[in-house]
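Each chain is listed here by its residues.
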Amino acid sequence: MISRSYTNLLDLASGNFPTMGRERDRRRMPRVMTVTGSICELDDDQAHSVSSENPSSLAGDRMIVVANLLPLKAKRRPDNKGWSFNWNEDSLILRLRDGLPEDMEVIYVGLLCVDVDPIEQDDVSNYLLEKFRCVPAFLPPNIVEKYYEDFCKRHLWPLFHYMLPFSPDHEGRFDRSMWEAYVSANKLFSQKVVEVLNPEDDFVWIHDYHLMVLPTFLRRRFNRLRMGFFLHSPFPSSEIYRTLPVREEILKALLCADIVGFHTFDYARHFLSCCSRMLGLEYQSKRGYIGLEYYGRTVGIKIMPVGIHMGHIENMKKLAAKELKLKELKQQFEGKTVLLGVDDLDIFKGINLKLLAMEHMLKQHPKWEGQAVLVQIVNPTRGKGIDLKEIQAEILESCKRINKQFGKPGYEPVVYIDRPISSSERMAYYSIAECVVVTAVRDGMNLTPYEYIACRQGMSGSEADSDVDGPKKSMLVVSEFIGCSPSLSGAIRVNPWNVEATAEAMNEAISMAEPEKQLRHEKHYRYVSTHDVGYWARSFLQDMERTCIDHFRKRTYGIGLGFGFRVVALDPNFRKLSIDDIESAYIKSKSRAIFLDYDGTMMPQNSIIKSPSAEVISILNRICADQNNAVFIVSGRGRDSLDKWFSPCRKLGLAAEHGYFLRWSQDKDWETCSQNSGFGWMHLAEPVMQSYTDSTDGSCIEKKESAIVWQYGDADPGFGFSQAKEMLDHLESVLANEPVAVKSGQFIVEVKPQAWGQQRFSCRKNLYIFGGESKNGRFCALHWR
């Protein structure tokens, strides 16, 4: 089935494939032409080598990092002639290169944070590539607004944070033109990647929800490109995600990557659940790695929270000490217990919930009046966002009310900072804070607690302990709905919606005994210092290399149009059927055995009408009319149904219930391919199946003469699978002493007699044709001797 696409995805290009491994002297793998169509339409001579359209003069492995924004700062020169650029030291994608091999070149592809005049774009592009190894993508003005502000920030980002567009007032209703702009922007990003890509040596690492369909465009051109994707935001549960009108398109695009990464197991679990429910895919864990089977390829699922850059934190702390900002803050808050919040201004950071908790703590614990201070730093918003004015007004009103009620000369319980502050100033605030409070109601990761822990450890070298007096300690009150929460076992976790409980957690954090604070800090610091951003990048690269090893072992074919495009990976010994070969072998053979599956081959798998059409009956009669042919329908259906449906085909052989009953032609009697005549075990199996049927909506029991089957194809996939697994164990226990086999299949659990004999043909055959359906499409196997 081909998915509809709402952009021009029909331009097909030749595919060339990279090799794996880190060796400089590596062998070149044969490349396969990317062709749209079905496997049976591909010719063997199309798999010959093709030359790369975009060869690179740079040898060796490189990492091409693709993100929405380049890790650069830009500003106009004072004379207004040209631009000056420098690295953005706070950028995560800039810091990840510390985890990559020293000899691996890193190239960045993304947007600039400023608008560059079209006349200047070529000069800027050449300069950035030469000086910074950055490739800027310039989007047309009519695309950038709909792509980023509309689709990314007002629809996709809120949805991924569990906000449904219940009303048009939230500006989040799905608009097809926004989706088209999103796809067009991703396509322009892919063109920039292709400009610098050497598919035989490069890795491509795509970041975040802005570029979720980019893997489709790159995989379409290069079937064996080593490509990973990491999502830095939450991935919502299937109940939320399936409200997205383009849900399948995005899932299929992500599955074009070799590995898809998430911060937490919850996010990965939600993604896998969506793939199972919406695409019918199965996943499995092997030696600790989770893999998702997709058309013969294994898409790796990576679970690894990102970390911070310890060196950058230390440099910023030294700068804060040099600028005397730390000394200034110590004097300002001398004798006070500082609780700190550092958040972006958006609806999901729960800033006002934190203020309400502070207010409640002061009411319930008057001892903190005049002593406890909440410093709330609000970072400038990076987009227009949703309801920002209302949020800001609510925060300001709460600050004014709390300060009026509890404030006094020389004491302000809430210090609200809504101006941009430098990284060094932020580190200074971390250093003087007794506790950091994060009350986000939903956040992908949030590195504020990690930065705080690193700052409270102090600086290395001769300046150690100059900024933090006494033993190292830190306290955290963090929301259970943020990505860093699972890794901070010593933090006090809270439900930010429960204001009273959050207030008590804040009181507990600043009232805790000093030795316990120190132990919690030591535990956290060991984790943060060892699981830094370099560790994260190194781990992702290693898993990408491991997942891509299969690129060597299989033959790949690109099939489909639009977002229905996928790469089918097959065994290297796979040989597709040739119509000419079939015809030649058919004519030369003296006797032929033809086996045809019923459901999925003779009839569509999901057809409501189960009986064969008049055209099928006519074709079967024509084949059976040849005296050299022995034609059999093989099916799991009962003999009564097959007898009724194929009564017009007098010479047709039938194998019912997977061969338990066999009839060579209509004038022959049914044969039983087993000596077992006792079916008393059915009376034991049926009550067990019935109990699971009663408790599993959408399941049913199918009784056959030789077997009994429990089907759960219409049940909830997760619950049905769980029930099937439990039923399998239950039946094996109940039927342990019976001559039966209990097996599970795709949405079924079946009980049937144990290892019945197989009927063999007594006449000489020199051509065998088998028709059936594989998991990903129809197939036909041919053998002759």
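Residues numbered from 1 in each chain as written. Predicted model: local features only at pLDDT ≥ 70, side-chain atom pairs only at ≥ 80, totals over all residues. Heavy atoms only, no water.

**A closer look at the overall build of the protein**
Part 1 of the reasoning: A tally of helices and strands in the protein yields 23 helices and 30 strands.
Part 2 of the reasoning: Considering the protein as a whole, with its 785 residues, one finds that 54% of them fall into the buried category.
Part 3 of the reasoning: Once local pairs closer than 6 in sequence are excluded, the contacts in the protein between residues at least 24 apart make up 70%.
Part 4 of the reasoning: Accessible surface, the protein as shown: approximately 36,000 Å² in total, 49% of it carbon and sulfur. (Helix = DSSP H or I, 4+ residues; strand = E, 2+ residues; numbered from the N terminus. Buried < 20%, exposed > 50% of the residue type's maximum accessible area, 1.4 Å probe, protein only. Contact = heavy atoms within 4.5 Å. Areas by Shrake-Rupley, 256 points an atom, 1.4 Å probe, with all protein chains shown as cover.)

**Looking at the sheet that holds strand E28 (residues 748–753)**
Part 1 of the reasoning: Strand order in the open sheet formed by 4 strands is E25-E26-E28-E27, and the pairing between neighbours is antiparallel. Pairing within the sheet leaves two strands with one partner each, and these edge strands are strand E25 (700–703) and strand E27 (740–745). Taken pair by pair, the neighbouring strands of this sheet meet at an average axis angle of 15°, ignoring direction.
Part 2 of the reasoning: Relative to strand E26 (residues 708–711), E25 is paired through 4 bridges, and the arrangement is antiparallel. The residue of E26 that forms the bridge with isoleucine 701 is tryptophan 710. (Pairing = 2+ DSSP bridges. Axes fitted to C-alpha atoms, helices over the stretch in contact; angles between N-to-C directions.)

**Some points on the sheet that holds strand E16 (residues 476–479)**
Part 1 of the reasoning: Read across the sheet, 6 strands follow the order E14-E13-E12-E15-E16-E17 without closing on themselves; strand pairing throughout is parallel. Of all the strands in the sheet, just strand E14 (414–417) and strand E17 (492–494) have a single pairing partner and so form its edges. Ignoring strand direction, the axes of neighbouring strands in this sheet form an average angle of 20°.
Part 2 of the reasoning: Sheet topology note: the strand E15 (residues 435–438)/E16 ladder contains 3 bridges and is parallel.

**A short note on the pattern of salt bridges**
Part 1 of the reasoning: For the coordinates displayed, the defined rule picks out 34 salt bridges.
Part 2 of the reasoning: One salt bridge connects lysine 192 with glutamate 195, and the closest N-O pair in it is separated by 3.7 Å. Placement of the pair is lysine 192 and glutamate 195 together in helix H4 (residues 176–196), with a separation of 3 residues, close to one helical turn.
Part 3 of the reasoning: Lysine 349 serves as the salt-bridge partner of aspartate 346, at 2.9 Å between the closest nitrogen and oxygen. For the residue pair aspartate 346 and lysine 349, the accessibility class agrees, reading buried in each case. (Salt bridge = Lys/Arg side-chain N within 4 Å of Asp/Glu carboxyl O.)

**With respect to helix H14 (residues 448–457)**
Part 1 of the reasoning: Within H14, 9 of the 10 residues are buried, which leaves it mostly tucked inside the rest of the structure.
Part 2 of the reasoning: Every buried residue belonging to H14 is among Thr448, Pro449, Tyr450, Glu451, Tyr452, Ile453, Ala454, Cys455 and Arg456, and all of these are buried.
Part 3 of the reasoning: Looking at the packing, one finds that the buried side of H14 touches helix H9 (310–322), strand E12 (337–344), helix H13 (423–432), E15, E16 and helix H16 (514–530).
Part 4 of the reasoning: Positive phi shows up at glycine 458, right after H14, with a value of about 95°.

**Some words on the pairing of E15**
Part 1 of the reasoning: What you see with E15 is no split at all: Cys435 and Val437 on one side and Val436 and Val438 on the other are buried throughout.
Part 2 of the reasoning: As defined by bridge partners, E12 adjoins E15 across 2 bridges and the pair is classed as parallel. Among the inter-strand pairings, leucine 340 is bridged to a residue of E15, identified as valine 436.

**Re unusual backbone geometry**
For residues besides glycine, phi is generally negative; the peptide bonds are generally trans as well.
Part 1 of the reasoning: Here leucine 324, not a glycine, exhibits a phi torsion of approximately 65°, which is positive.
Part 2 of the reasoning: Structurally, the position occupied by leucine 324 is in the loop between H9 and helix H10 (325–332).
Part 3 of the reasoning: Positioned with a positive phi, phenylalanine 747 is a non-glycine residue whose angle comes to about 65°.
Part 4 of the reasoning: In this structure, phenylalanine 747 sits in the loop between E27 and E28.
Part 5 of the reasoning: You can call phenylalanine 747 partly exposed: its relative accessible area is 35%.

Taken by themselves, the reported measurements are silent on function.
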